[in-house]
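Here are the chains, one letter per residue:
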Number of protein chains: 2
Amino acid sequence: MIRSYHHGALAEAMVDQALASVRAQGADHVSLRSIAQALDVSPSAAYNHFADKDDLLRSVGSCGLAALDERMARVLAAHPADTADAARSRFTGLGRAYLGFAIDETHLFQLTFGPICMAKQLPPGESGPYIKLTASLDDLDRRGLLKPGIRPGLDLTVWAATHGMATLLVEGAVPPESADGFIESIANLITK
Amino acid sequence: MIRSYHHGALAEAMVDQALASVRAQGADHVSLRSIAQALDVSPSAAYNHFADKDDLLRSVGSCGLAALDERMARVLAAHPADTADAARSRFTGLGRAYLGFAIDETHLFQLTFGPICMAKQLPPGESGPYIKLTASLDDLDRRGLLKPGIRPGLDLTVWAATHGMATLLVEGAVPPESADGFIESIANLITK
DNA sequence: CAGGGCATATGAACGATGTCAATATTGGAG
DNA sequence: CTCCAATATTGACATCGTTCATATGCCCTG
């Protein structure tokens, strides 16, 4: 089939194209129609695979979350897990990966953690990034590297701090150079 | 003039109406046309006073920032500034005001700190809320209540943390009940 | 192999939106 | 009183998300 009437894998193709468009222009400036046009498909074809434009964007957001998770996974794979120094490196590495994602993939970050995707999606407590954060804090705690008595609720505190810094970076409220210092600052606050 | 041809104060009226609409439905679901219709004015009348829809929304965002600043100012006015205990109360009070604004005025918060308003606006380092935060940290520092050596860069760290928690609250990623515990957790991390 | 059903795509249409150009109205300064 | 500049209107355009009726073709049944 040279150019079959049926596309065959429209769903994936649309997510891919939407992902590229979001990366390039940001979710607000991406139209269903332009995505369809890029795939040589009629605009209404999308509705066989997605309920909404928002439904499609949510799929793109999942890719964003996966991309972030992969960055964090790479950090864990790169650092050995044995020494105590490594425990701290793993923690700061995870933080830098989070902020790096925000800096490198501004638009995708905005979609992934924006209102469209956050509503009606899995509780972030079960997402890969959050689990990795929790595990890293547990690791620090097990080795006695945390300041005493601060472990309860620390997940949320650190997550909020990192996520907040990421949004400030994304909005240009703060220059990218401040990212590393911020991570170091967090690490200094929670470790002895 | 009973119903003059000219409105007379369209600019302010549109900001007021837009503010109300944003509070009710969120900035994404507010249209220029509906605002104009609510004021019995033609849609294009707006363009005598605002360059864009975004330009109008930026004015609404300024109101949001002002509302937040007022909440924080009320906290400072309510707490006496003399005792050392009060210094800590002022700090946590400021944080609670910030999160309270996010919880009570979800939509307005999203607009005020969203991409539309953050771009092309005053650097947040000069905004009322940020200045109040800095002053509060200086106060704690002056009284020797901060952990030693952490003051440099603390503004950014605390701001990011609080702002991050606010966005998580706003997106429903975290329940409102966790707000107070979060503030306490931050205070415990930075004070002796 | 024939044929029919079902998932998939099309096309035209609707209502709404942001924006602009041309025109009309008015209050107030000279 | 007259005329101007500010302000509003009208009408139009392109674009958007979405829906409905219709067309297409692949696979499964007989």
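We now turn to the structure provided with this report. (Residues numbered from 1 in each chain as written. Chains lettered and ligands numbered in written order. Predicted model: local features only at pLDDT ≥ 70, side-chain atom pairs only at ≥ 80, totals over all residues. Heavy atoms only, no water.)

### Quick word on the interface of chain A and chain B
We count it as follows: The criterion used for residue contact is that any of the two residues' heavy atoms lie within 4.5 Å. Once two parts are brought into contact, the accessible area they lose, counted with a 1.4 Å probe and summed over both, makes up the buried area. Any N or O atom pair separated by 3.5 Å or less is treated as a polar contact, with the protein-specific requirement of one donor-capable and one acceptor-capable atom, and with residues adjacent in sequence counted only for side-chain atom pairs.
Counting residues at the interface gives 27 residues for chain A and 26 residues for chain B. Buried area between chain A and chain B, both sides added, is near 2100 Å², and the carbon and sulfur share of it is 75%. Considering only the surface of chain A that becomes buried against chain B, T157, E171 and L189 of chain A emerge as the three largest contributors, covering 26% of it. Between the two partners, chain A and chain B, sit 2 residue pairs in polar contact (both at pLDDT 80 or more).

### Here we look at the packing of aromatic side chains
Quick note on the threshold: Within 6.5 Å between ring centres, the rings of Phe, Tyr and Trp (the latter by its six-membered ring) count as paired, and their orientation is classed by plane angle as stacked under 30 degrees, edge-to-face over 60, tilted in between. Going along the chain from the N terminus, every DSSP run of H or I of four or more residues is numbered as a helix, and every run of E of two or more is numbered as a strand. The buried label applies to any residue whose accessible area, calculated with a 1.4 Å probe on protein chains only, is under 20% of its type's maximum; exposed applies above 50%, and partly exposed to all values in between.
Under the counting rule described, the total for this entry stands at 10 aromatic pairs over all chains. For the ring pair Y98 of chain B and F113 of chain B, a centre distance of 6.0 Å and an interplane angle of 35° mean the geometry is tilted. One end of the pair, Y98 of chain B, is in helix 4 (residues 84-104); the other, F113 of chain B, is in the loop between helix 5 (106-112) and helix 6 (115-118), and 15 residues separate them in sequence. For F113 of chain B, a relative accessible area of 10% gives the class buried. By way of ring pairs, the aromatic residues Y98, F101, F109 and F113 of chain A are connected into one cluster.

### So, the nonpolar core
The test is simple: As used in this record, nonpolar core signifies buried Ala, Val, Leu, Ile, Met, Phe, Trp, Tyr and Cys residues forming a set joined through side-chain atoms within 4.5 Å.
Ranked by size, the top nonpolar core spans 127 residues in total, and within it M14, F91, W159 and I190 of chain A together with M14, F91 and I190 of chain B carry the most contacts. For F91 of chain B, the contacting residues outside a window of four places in its chain are L133, S136, L137, L140, V158, I186, A187 and I190 of chain B.

### A few points about helix 3 (residues 53-78) of chain B
Within an α-helix, residues lying three or four positions from one another point in the same direction, as the helix has 3.6 residues per turn. All names here are of chain B. Just so we agree on the cut-off: Take the number of residues in a helix, subtract one, and multiply by 1.5 Å to get its expected span.
The end-to-end C-alpha distance of helix 3, which contains 26 residues, comes to 38 Å, matching closely the 38 Å that a straight helix rising 1.5 Å per residue would cover. What helix 3 keeps buried is the set L56, L57, V60, G61, G64, A67, L68, M72 and V75. The inward-facing, buried residues of helix 3 abut helix 1 (10-25), helix 2 (32-38), helix 4, helix 5, helix 6 and helix 7 (128-142).

### Remarks on the protein's contact with DNA strand D
To be explicit about the condition: Near, as used in this document, describes a residue that has one of its heavy atoms within 4 Å of the molecule or strand being considered.
By nearness alone, 22 residues border DNA strand D, and R33 and Y47 of chain A together with S42, S44 and H49 of chain B come closest of all. Near the protein, meaning within 4 Å, the atoms of DNA strand D are sugar or phosphate in a fraction of 57%, with bases accounting for the rest. The contact in question runs from a phosphate oxygen of DNA strand D to an N or O atom on the side chain of S31 of chain A, over 3.1 Å. H49 of chain B places a polar side-chain atom, nitrogen or oxygen, 2.7 Å from a phosphate oxygen of DNA strand D.

The values are spatial; any link to function lies outside them.
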